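Take a look at the letters that make up each chain.
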Amino acid sequence: MGLLALMSALFLMLCFLISPSLAKTHSLRPKALVLPVTKDSSTGQYITQISQRTPLVPLNLTLDLGGQSLWVDCDQGYVSSSYNPVKCGSAQCSLAKSQSCSETCFNGPKPGCNNNTCSLFPYNSLTQTSTIGELAQDVLSLQSTDGFNPGKHVSSPQVMFTCGATFLLEGLAKGVKGIAGLGRGKVGLPFQLANAFRLKRKFGVCLGSKGVIFFGKSPYKFLPAGRDISISKSLSYTPLLINPVSTAGASFAGEPSVEYFIGVKSIMVAGKPVYINSTLLTINKEGYGGTKISSVVPYTVMETSIYKSFTKGFAKAFSGVPRVKSVAPFGLCFDSSKLGSTRVGPPAPLIDFVFQNASVYWRVFGANSMVQVKKDVLCLGFVDGGENPRTSIVIGVHQVEDNLLQFDLAKSRLGFSSTLLFHQTTCSNFNFTSNA
Ligand SMILES: *[C@@H]1O[C@H](CO)[C@@H](O)[C@H](O)[C@H]1NC(C)=O
Ligand SMILES: *[C@@H]1O[C@H](CO)[C@@H](O)[C@H](O)[C@H]1NC(C)=O
Ligand SMILES: *[C@@H]1O[C@H](CO)[C@@H](O)[C@H](O)[C@H]1NC(C)=O
Ligand SMILES: *[C@@H]1O[C@H](CO)[C@@H](O)[C@H](O)[C@H]1NC(C)=O
Ligand SMILES: *[C@@H]1O[C@H](CO)[C@@H](O)[C@H](O)[C@H]1NC(C)=O
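Residues numbered from 1 in each chain as written. Chains lettered and ligands numbered in written order. Predicted model: local features only at pLDDT ≥ 70, side-chain atom pairs only at ≥ 80, totals over all residues. Heavy atoms only, no water.

Draft legend 1. View of the overall build of the protein chain. The helix and strand inventory of the protein chain stands at 6 helices and 30 strands. Computed over C-alpha atoms, the radius of gyration of the protein chain comes to 24 Å, within 12% of the 22 Å expected from 2.2 N^0.38 for 436 residues, which places it in the range of a compact globule. Its C-alpha atoms give the protein chain principal-axis dimensions of about 80 × 75 × 40 Å. Expressed as a percentage of contacts within the protein chain between residues at least 6 apart in sequence, the contacts between residues at least 24 apart total 68%. Accessible area for the protein chain stands at about 20,000 Å²; split by element, carbon and sulfur atoms hold 57% of it. (Helix = DSSP H or I, 4+ residues; strand = E, 2+ residues; numbered from the N terminus. Rg over C-alpha atoms; globule rule 2.2 N^0.38 Å. Contact = heavy atoms within 4.5 Å. Areas by Shrake-Rupley, 256 points an atom, 1.4 Å probe, with all protein chains shown as cover.)

Spelled out as structure tokens, the structure:
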């Protein structure tokens, strides 16, 4: 009895002694980070904001899901006491799989121009322009999150990025200083942040007129109409595939693509399969074919024969609605004057991207399939990508808006929610009211 009491008193004391320090380390190490996303109205680009350097500078960056790395303009206005070029032969250089060492830079030393540094090819996927640029590390600061609200800002001293150039900013939204590349390689922001903050190697993307990106552990919560929903718990999953050949503008020999490819096996319109030559849906040895997801292409692009077959199936399924003259870039438009609306957009035929088996599909409702181009004119929001494109289907922004996508790099799989409108929420509804 006495011993027991003594032991429990000791135990209590221990708990008391240990818990404050436990709580402290807990709060220092975030489980997840969050980035706000806005859609630039004049370019349609998704813009996010990250702080970098010492002292910290907030940077607006265009988001590129398939971008190899974070790159920023180092030519103009890069001032930082913590800038650290990546030396040739270093561990960081081999992690980045750089095959290029720049021995001498005559205009330096300055950010972007130092002797004996590794280089990569920063790429502007909107203009399809690339250049060669110094690989470097600097302080990066983001907000942590518990999944419900943003929390404290956390920073890491050594996050790798690439130095772009002022000319490479051409075609990006006004005020933007570079591209936040979320590609699946080791210099991509997801891997870099997971490494720097010891997060789970996964990230969630939810795009809309406003949106959000989460790095690390789910849940990701969106403000519901009066309810608490964790959409991240009810996702469907399909494997992420590797395209063995780089799809970027410039690359080193033998580099695989860092873009996110998925295995669409068939497409159904209103429950009926669309005829597709299945060769086009597989990625061949030269890196042609297959399906990828893009955050820079506005509407899903399909190889010509797929597009023709798909639009034919769609026109048939929607034959009760009068057709009107097409409005470019679309090829199939309808008179919407007598169409009503539903919670998930115009009442259009359902489109399913079917994956590894018939029970894993991504259902696309009217809000994501149709585009209201003007009063009473509603078009199917898919475009013809011509013959022999590099990738047969590029799933574009209109089709992913208000869908939660989770890229799990550790498990190499994509989780997708279909439209959040069914859950009476949107990607704009993450509660950005700070708790910190
Ligand atoms: C870079 O290399 C060049 C050529 O070897 C040399 O003249 C220059 O001093 C070096 N710069 C620095 C900062 O070491
Ligand atoms: C960066 O983006 C924010 C939010 O969209 C905007 O308010 C701000 O003006 C932008 N800054 C620059 C320098 O363009
Ligand atoms: C399918 O596409 C491949 C590659 O474009 C082509 O070689 C093949 O002949 C096509 N098959 C059919 C049945 O059209
Ligand atoms: C379909 O694939 C999913 C995920 O890979 C698996 O869990 C499920 O059992 C499969 N269903 C059928 C009918 O094969
Ligand atoms: C958003 O989060 C803040 C901070 O936790 C909270 O005070 C507020 O009630 C939340 N808003 C809604 C609509 O739940």
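Draft legend 2. Broad picture of the side chain of Ser-369. Tracing the sequence through the fold places Ser-369 in helix α5 (residues 366–369). Under the relative-accessibility criterion, Ser-369 is labelled buried at 0%. Apart from residues lying up to four places away in sequence, Ser-369 is in contact with Ala-348, Ile-351, Val-364, Cys-379, Leu-380, Gly-381, Phe-382, His-398 and Gln-399. (Buried < 20%, exposed > 50% of the residue type's maximum accessible area, 1.4 Å probe, protein only.)

Draft legend 3. Representation of the site of ligand 5 within the structure. The environment of ligand 5 is formed by Asn-149, Leu-223, Asn-431, Thr-433 and Asn-435. Interatomic distance of 2.8 Å between a side-chain N/O atom of Asn-149 and an oxygen atom of ligand 5. Contact between ligand 5 and Asn-431: an oxygen atom at 2.3 Å from a side-chain N or O atom of the residue. Burial of ligand 5 by the protein amounts to 42% of the accessible area it has alone, namely 360 Å². Class assignment of the residues belonging to the shell around ligand 5 gives a composition of 1 nonpolar, 4 polar and no charged. (Near = heavy atom within 4 Å. Polar contact = N/O pair within 3.5 Å; in protein donor to acceptor, adjacent residues only side chain to side chain. Nonpolar A, V, L, I, M, F, W, Y, C, P; charged D, E, K, R; others polar.)

Draft legend 4. Broad picture of the sheet that holds strand β26 (residues 377–380). Taken in spatial order, the 4 strands of this open sheet run β21-β22-β26-β25, and their pairing is antiparallel. At either end of the open sheet lies a strand with only one pairing partner, and these are β21 (323–324) and β25 (370–374). The sheet contacts of helix α4 (residues 304–317) involve β21, β22 (333–335), β25 and β26, and relative to β26 the element is tilted by about 135°. (Pairing = 2+ DSSP bridges. Axes fitted to C-alpha atoms, helices over the stretch in contact; angles between N-to-C directions.)

Draft legend 5. Representation of the sheet that holds strand β23 (residues 351–354) in the model. The sheet built from 4 strands is open, its strands ordered β18-β17-β23-β24 with antiparallel pairing. Every other strand in the sheet has two partners, leaving β18 (272–273) and β24 (361–364) as the edge strands with one partner each. Pairing of strand β17 (residues 266–269) with β18 involves 2 bridges; the strand directions are antiparallel. In the sheet register, Val-269 faces β18, and the bridge partner there is Lys-272.

Draft legend 6. Spotlight on the packing of aromatic side chains. Enumeration over the complete set of coordinates arrives at 22 aromatic pairs. Look at Tyr-78 and Phe-161: their rings are 6.0 Å apart centre to centre, the planes differ by 5°, and that puts the pair in the stacked class. In this pair, Tyr-78 sits in the loop between β4 (70–73) and β5 (84–85) while Phe-161 sits in strand β11 (residues 150–164), placing the two residues 83 residues apart along the sequence. Using a relative accessible area of 0% as the deciding quantity, one classes Phe-161 as buried. Aromatic side chains Phe-214 and Tyr-220 sit 4.3 Å apart centroid to centroid with 5° between the ring planes, which places their arrangement in the stacked category. Pair check on accessibility: Phe-214 and Tyr-220 agree, each one buried. Cluster of aromatic residues (ring-pair linked, three or more members): Phe-214, Tyr-220, Phe-222, Phe-430 and Phe-432. Note that Arg-53 overlies the ring of Tyr-78, its terminal NZ or CZ placed 3.7 Å from the centroid. The cationic tip of Arg-390 hangs over the ring face of Tyr-288; the distance from NZ or CZ to the ring centre is 5.3 Å. (Phe/Tyr/Trp six-rings, centres within 6.5 Å; stacked < 30°, edge-to-face > 60°. Lys NZ or Arg CZ within 6 Å of the ring centre and 35° of its normal.)

Draft legend 7. Structural detail: unusual backbone geometry. That bond from Ser-218 to Pro-219 is cis: its omega, 10°, falls within 30 degrees of zero. At the junction of Ala-328 and Pro-329, the peptide bond is cis and its omega measures out at 5° in the coordinates. Despite not being glycine, Lys-97 shows a phi value in the positive range, around 55°. Note that Lys-97 resides in the loop between α2 (91–95) and β6 (101–102).

Draft legend 8. Inspection of empty space enclosed by the protein at higher detail. Under the definition given, this model contains 3 cavities of 30 Å³ or more. Estimates place the volume of the largest cavity at around 60 Å³. What lines the largest cavity is simply Asp-64, Gly-67, Gln-68, Ser-69, Trp-71, Phe-121, Pro-122, Tyr-123 and Ile-179. Per-class residue counts for the lining of the largest cavity are 5 nonpolar, 3 polar and 1 charged. Here the second largest cavity is characterised by a volume of approximately 50 Å³. Grouping the amino acids of the lining of the second largest cavity by side-chain chemistry returns 7 nonpolar, 2 polar and no charged. Residue contributions to the lining of the second largest cavity reach at least three from each of two domains, namely domain 1 (32–222) and domain 2 (233–421). (1 Å grid on protein atoms, 1.4 Å probe; cavity = no way out; pocket = protein on both sides within 12 Å on 5 of 7 lines; lining within 4 Å. Points joined across faces, edges and corners; volume = space filled by probe spheres on them. Domains from an automatic or database assignment.)

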